[in-house]
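# Analysis of the macromolecular model
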Amino acid sequence: MGYLGRSTTAGFSARLRISGSESAGTCRAVELAAAGRHRAPAFSRCRSDGVFCAPTNPRALSSARLSGPLLYGSLPLRRMSKIFFDEAGATGSDLLHADQPHFVYAGVAIPDLEAQALIDQIRAEHHIQAPELKGRQIVGRSDGVAIIRKVVASCSERAFLFVADKEVALCGKLFDYTIEPVIYNAGVKDFFFRLGAHRYFLHHFYMIWKQGPTEVAEFADRIAREFQRAIRSKDLSLAPTMFSNAAVETGNGFLDDFLWFCRQHKDEIESEFQDVEADPATSRWVLEMTNAALYSVLTQVDHLDDGVDAIFDESKPISDYLSVLEQQLGSDEALDHVQSYQSGSSVSNPGIQLADVIASATARALKDPDATTSPEIMEMTGPLIVWGMSFD
């Protein structure tokens, strides 16, 4: 299975052929860089919450029912100094939340006065009495599609999206916190990454989980759920299928080999869990995706001549990570163009309201692709996706 990867350097967009996805677990480039273990370049080798891909003709997309990975987009931003961010579908470190299967992170590069003028126009034309635009409310309105269309049309060349199916992301995180620490300690991480071991694991585990024979799929589901409980609690005993001394036979060679690996390297994996617990900036949000999305998208706008100020809606994950993010400034080449990180309210930052509308609309369309408005919404917002990961 092959995909098209997109890399942006000095304003030039190059499409790169790769096989599979980049490791789609947690983008721990943010936290590992601070520890001196890892620095993510702008494209490959970043262990991020996304497969960095795009079709050759993203604007030809006309349906929300997508085939293969949901990966496409463009980002022709020019000399914008502020990028406003907001998310939809955030469920903290619960990536198995049934009502919120996707995480969507939107960014809009737009001057404050222009953003406010657009919002004032929409409020007047659509008789919106609320003091600000709220994405959840907009997508539920009878004229919601018209409002979304106006927002996207006004921001399309200055807006971008990060999209992730949370179950796919969880498969990547499973690799990140079990296999990756072992191959890192053995000094062979780069070798296995060049072979695409991270991509192979993610895809194979996910396909077994979702399309394997019932009994085998149930084992994969148990492993995924136990892993989430264990990493959130930093307690390996909550994942007995993976770490009990007695061998568990799943009836599938891939899963049996993975479980054997976990038993053999239990001490190293437990040490990784303890490292996570020791860092208050990452422990609580070990599976949370906002910080990974922010970092990942910002590495895609490094061609902006004037640099950028990243302004995001106030949220606890970002607040807890802020000190780590600020350490990156001046020390991570992938973020040389970022001048500052700032948090603010959506009321006082109209650009955040526009990002909220785009993110909420996209999340709703992905959750219910058969809804009447979903194909039209995805036709509008789909070309804005620059990083993401999903399977049909």
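Up top you'll find the structure we're talking about.
These notes cover the structure that comes with them.

Thresholds, definitions, all that
Residues numbered from 1 in each chain as written. Predicted model: local features only at pLDDT ≥ 70, side-chain atom pairs only at ≥ 80, totals over all residues. Heavy atoms only, no water. Helix = DSSP H or I, 4+ residues; strand = E, 2+ residues; numbered from the N terminus. Buried < 20%, exposed > 50% of the residue type's maximum accessible area, 1.4 Å probe, protein only. Contact = heavy atoms within 4.5 Å. Areas by Shrake-Rupley, 256 points an atom, 1.4 Å probe, with all protein chains shown as cover. Axes fitted to C-alpha atoms, helices over the stretch in contact; angles between N-to-C directions. Parallel < 35°, antiparallel > 145°, perpendicular 65-115°, else oblique. Left-handed = near helix turned anticlockwise from the far one by under 90°. Salt bridge = Lys/Arg side-chain N within 4 Å of Asp/Glu carboxyl O.

### Remarks on the overall build of the protein
- Within the protein, the regular secondary structure consists of 16 helices and eight strands.
- Counting across all 392 residues of the protein, residues that qualify as buried make up 59%.
- Across the protein, every contact between residues at least 6 apart in sequence was considered, and the portion connecting residues at least 24 apart equals 75%.
- A total of about 15600 Å² of accessible surface is found on the protein, and carbon and sulfur atoms cover 47% of it.

### Observations regarding helix H13 (residues 290-298)
- Within H13, nine of the nine residues are buried, which leaves it mostly tucked inside the rest of the structure.
- Along H13, the residues that are buried comprise Thr290, Asn291, Ala292, Ala293, Leu294, Tyr295, Ser296, Val297 and Leu298.

### A word on the environment of Ile318
- Mapping Ile318 onto the fold places it in helix H14 (residues 316-328).
- We classify Ile318 as buried; its relative accessible area is 2%.
- Measuring from C-alpha to C-alpha, the distance between Ile318 and Leu294 comes to 9.1 Å, with 24 residues separating the pair along the chain.
- For Ile318, the residues in contact, after removing those within four places along its chain, are Thr290, Asn291, Leu294 and Phe312.

### Some points on the packing of helix H7 (residues 197-211) against helix H10 (residues 253-264)
- At their nearest, the axes of H7 and H10 sit 10 Å apart, and the two run at 120° to each other. Relative to H10, the element H7 lies oblique. H10 is crossed by H7, and the crossing has left-handed handedness. Contacts between H7 and H10 pair Tyr200, Phe201, His204, Phe205 and Ile208 from the former with Phe254, Leu255 and Phe258 from the latter.

### Some points on the pattern of salt bridges
- This structure, assessed with the given rule, holds seven salt bridges.
- For Arg158, the salt bridge goes to Glu114, with nearest N and O atoms at 2.7 Å. In this pair, Arg158 sits in the loop between helix H4 (144-155) and strand S5 (159-165) while Glu114 sits in helix H2 (residues 112-125), placing the two residues 44 residues apart along the sequence.
- We classify Glu114 as partly exposed; its relative accessible area is 34%.
- For Lys134, the salt bridge is made with Glu132, and the minimal N-O distance between the two is 3.8 Å.
- What makes Glu132 buried here is its relative accessible area of 11%.

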